[in-house]
Amino acid sequence: MPPHSDFSSLTILLQSSQGLQIMDCNKNWVGVPYIEGALIVQLGDQVEVMSNGIYKSVIHRVTVNKDVKRLSFASLHSLPLHKKISPAPEVLGENNTPAYGEFSFNDFLDYISSNDDFLQQRFIDTLKKSPS
Ligand SMILES: O=C(O)CCC(=O)C(=O)O
Ligand SMILES: [Fe+2]
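Just so we're clear, the structure is a prediction, and the values are computed from it rather than from any experiment.

## Observations regarding the coordination of the iron ion (ligand 2)
Taken together, the protein donors to the iron ion (ligand 2) comprise His4 (NE2), Asp6 (OD) and His60 (NE2), at separations of 2.0 to 2.2 Å. All donors of the iron ion (ligand 2) come from a single chain, and their spacing in sequence reads H-x1-D-x53-H. Remark: His60 occurs in strand 5 (residues 60-62) and His4 occurs in the segment before strand 1 (10-15); sequence separation between them is 56 residues. Here His4 falls in the buried class, since its relative accessible area comes to 17%. Residue class for His60 comes out buried when judged on its relative accessible area of 5%.

## So, the packing of aromatic side chains
Using the criterion set out here, one finds 6 aromatic pairs in the structure. With a centroid separation of 5.4 Å and 65 degrees between ring planes, the pair formed by Phe103 and Phe123 is classed as edge-to-face. Remark: Phe123 occurs in helix 3 (residues 123-127) and Phe103 occurs in the loop between strand 6 (72-77) and helix 2 (105-114); sequence separation between them is 20 residues. Both residues of the pair, Phe103 and Phe123, count as buried. Relative to Phe123, the ring of Tyr111 has its centre 5.2 Å away and its plane inclined at 50 degrees; by these criteria the two rings are tilted. A residue pair is termed long-range when its members are at least 10 positions apart, and Tyr111 in helix 2 and Phe123 in helix 3 qualify at 12 residues.

## Observations concerning the site of ligand 1
In the vicinity of ligand 1, the contacting residues are Met1, His4, Asp6, Leu13, Leu20, His60, Val62, Arg70, Ser72 and Ala74. Within the side chain of Ser72, an N or O atom sits 2.6 Å from an oxygen atom of ligand 1. Only strand 5 and strand 6 provide two or more residues apiece to the shell around ligand 1. Tallied by class, the residues present in the shell around ligand 1 amount to 5 nonpolar, 3 polar and 2 charged.

## Brief notes about the sheet that holds strand 3 (residues 29-31)
Through backbone hydrogen bonds, the strands of a sheet pair up, either in parallel or in antiparallel fashion. Here we have 3 strands laid out as an open sheet, ordered 3-2-5, and antiparallel in their pairing. Edge positions in the open sheet fall to strand 3 and strand 5, since each of these has one partner strand only. Within this sheet the neighbouring strands show an average axis-to-axis angle of 30 degrees, counted without direction. In this structure, strand 2 (residues 20-23) lies alongside strand 5, joined through 3 bridges in antiparallel fashion. Counterpart to Ile22 in the pairing with strand 5 is His60.

Conventions and cut-offs
- Residues numbered from 1 in each chain as written.
- Chains lettered and ligands numbered in written order.
- Predicted model: local features only at pLDDT ≥ 70, side-chain atom pairs only at ≥ 80, totals over all residues.
- Heavy atoms only, no water.
- Donors = N, O, S within 2.8 Å, 3.2 Å for Na, K, Ca; no water.
- Helix = DSSP H or I, 4+ residues; strand = E, 2+ residues; numbered from the N terminus.
- Buried < 20%, exposed > 50% of the residue type's maximum accessible area, 1.4 Å probe, protein only.
- Phe/Tyr/Trp six-rings, centres within 6.5 Å; stacked < 30°, edge-to-face > 60°.
- Near = heavy atom within 4 Å.
- Polar contact = N/O pair within 3.5 Å; in protein donor to acceptor, adjacent residues only side chain to side chain.
- Nonpolar A, V, L, I, M, F, W, Y, C, P; charged D, E, K, R; others polar.
- Pairing = 2+ DSSP bridges.
- Axes fitted to C-alpha atoms, helices over the stretch in contact; angles between N-to-C directions.

This is the structure in structure tokens:
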């Protein structure tokens, strides 16, 4: 699975073997260790926007190999389809400046269905008021 962040608020994941990798703050790929029965919890784009970037949605990818069969169960938890999501006023700084525009899950679906290269540009980057 190519690099992406999840559109959700929270993703809860169970993997049957190693394969998930996350990108660290130095843009290096780090393997998530396989621990039998462990649930992996990832923050998604909705939390990054609601927290005005205090919490980052994790960029991740999955690698497999021909020798080991791998199953994963990903449960993505999201706000309702048309609910508008924007930075919470409580977390805005002194300047009261949101770093992201508002969006709904429906806006995300429109974006990926009308952009063939949606894996090249993350949806959340289109919401940022200034490039990072
Ligand atoms: O298979 C995995 O470990 C991750 C799956 C995933 O990233 C996703 O479903 O969004
Ligand atoms: Fe994912």
